[in-house]
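Coordinate inspection notes
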Amino acid sequence: MTRFLVLVLLLLVWLSGLSCSTTEPPAKRTASPSAAAAAKDGFDRLAKLEGDWVGDGPADVPGEMTVNYKLTGGGSTVVETLFAGKPQEMVTVYTVEDGQLMLTHYCMLGNQPRMKAEPLDDNVLAFHFVGGANIDPQTDPHMHDAVFEFVSDDELVTQWTGWANGAADPQHGPKLHFKRKS
């Protein structure tokens, strides 16, 4: 009988160890309800850009330039393609992640800065650098901030802030003015 009780106790200890060792997936980080609503507002404003836009290129890329906005991923992602078909083509992807509006910019410099948006302020949406891939922000040139001014449903102004050697680089921060292509 004693042997049986010892075996039962060992079995109970072993089973309790199994239940303690099972792990739940980590809790999903979520933003406050107001931050999540602000992220959705900003994303919805970007989604309304869907289509083709034209504007004058920056000084280092003269001539007309185009940008395309496409909604994909079941409506969960906006993909921006700038300078399509040219050597300096770049893509920026906008998503809401854990209640925050985020962008990842796939740059011609070979890096991928990530930025988080502030809440939409009237007609202005501002993004700020939070990290990225292939970047040492203290030394490497990269895009660090982006501001979108939604002038109207058919007019957009963007201001990108380039960064190099740990500081803003005015040589690489184009202000771009686009109009929706008819």
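Structure's up top.
The following refers to the structure shown.

How each quantity is defined
Residues numbered from 1 in each chain as written. Predicted model: local features only at pLDDT ≥ 70, side-chain atom pairs only at ≥ 80, totals over all residues. Heavy atoms only, no water. 1 Å grid on protein atoms, 1.4 Å probe; cavity = no way out; pocket = protein on both sides within 12 Å on 5 of 7 lines; lining within 4 Å. Points joined across faces, edges and corners; volume = space filled by probe spheres on them. Helix = DSSP H or I, 4+ residues; strand = E, 2+ residues; numbered from the N terminus. Pairing = 2+ DSSP bridges. Nonpolar A, V, L, I, M, F, W, Y, C, P; charged D, E, K, R; others polar. Core = buried A, V, L, I, M, F, W, Y, C linked by side-chain atoms within 4.5 Å. Buried < 20%, exposed > 50% of the residue type's maximum accessible area, 1.4 Å probe, protein only. Contact = heavy atoms within 4.5 Å.

Moving on: the layout of surface pockets. Space inside the largest pocket adds up to approximately 450 Å³. Lining the largest pocket are 25 residues, with Asp60, Met90, Met143, His172 and Pro174 positioned closest to its centre. Broken down by secondary-structure element, the contributors of at least two residues to the lining of the largest pocket are strand S8 (142-152) and strand S9 (155-164). Top element by residues in the lining of the largest pocket is S9. It accounts for 4 residues.

Pairing analysis gives 3 bridges linking strand S5 (residues 100-106) to strand S6 (residues 112-117), with the strands arranged antiparallel. Considered in S6, the bridge of Leu103 is made with Met115. In this structure, the hairpin formed by S5 and S6 is closed by a connection of 5 residues, where Gly110 is found at a positive phi of approximately 85°. Here S6 folds back onto strand S7 (residues 124-133) in antiparallel fashion, the turn holding 6 residues, of which Asp122 has a positive phi close to 60°.

A word on empty space enclosed by the protein. One pass over the structure, following the stated rule, counts 1 cavity of 30 Å³ or more. For the largest cavity, the full set of lining residues is Val67, Tyr69, Glu80, Leu82, Phe148, Thr158, Trp160, Leu176 and Phe178. Residue assignment for the lining of the largest cavity shows that the elements contributing at least two residues are strand S2 (64-72), strand S3 (77-82), S9 and strand S11 (175-180). Tallied by class, the residues present in the lining of the largest cavity amount to 7 nonpolar, 1 polar and 1 charged.

It is characteristic of soluble globular proteins that their nonpolar side chains tend to be buried jointly. Of all hydrophobic cores here, the largest spans 30 residues; its most connected members are Leu46, Phe127 and Phe148. If sequence neighbours within four positions are ignored, Phe127 has contacts with Leu46, Tyr94, Leu101, Met102, Leu103, Met115, Lys116, Ala117, Asp145, Ala146 and Phe148.

Let us look at the side chain of Thr92. Relative to the helices and strands, Thr92 is located in strand S4 (residues 90-97). A residue is classified by how much of its surface remains accessible, and Thr92, at 0% relative accessible area, is buried. Apart from the residues lying within four places of it in its own chain, the contact partners of Thr92 are Val78, Val79, Glu80, Leu103, Thr104, His105 and Trp160.

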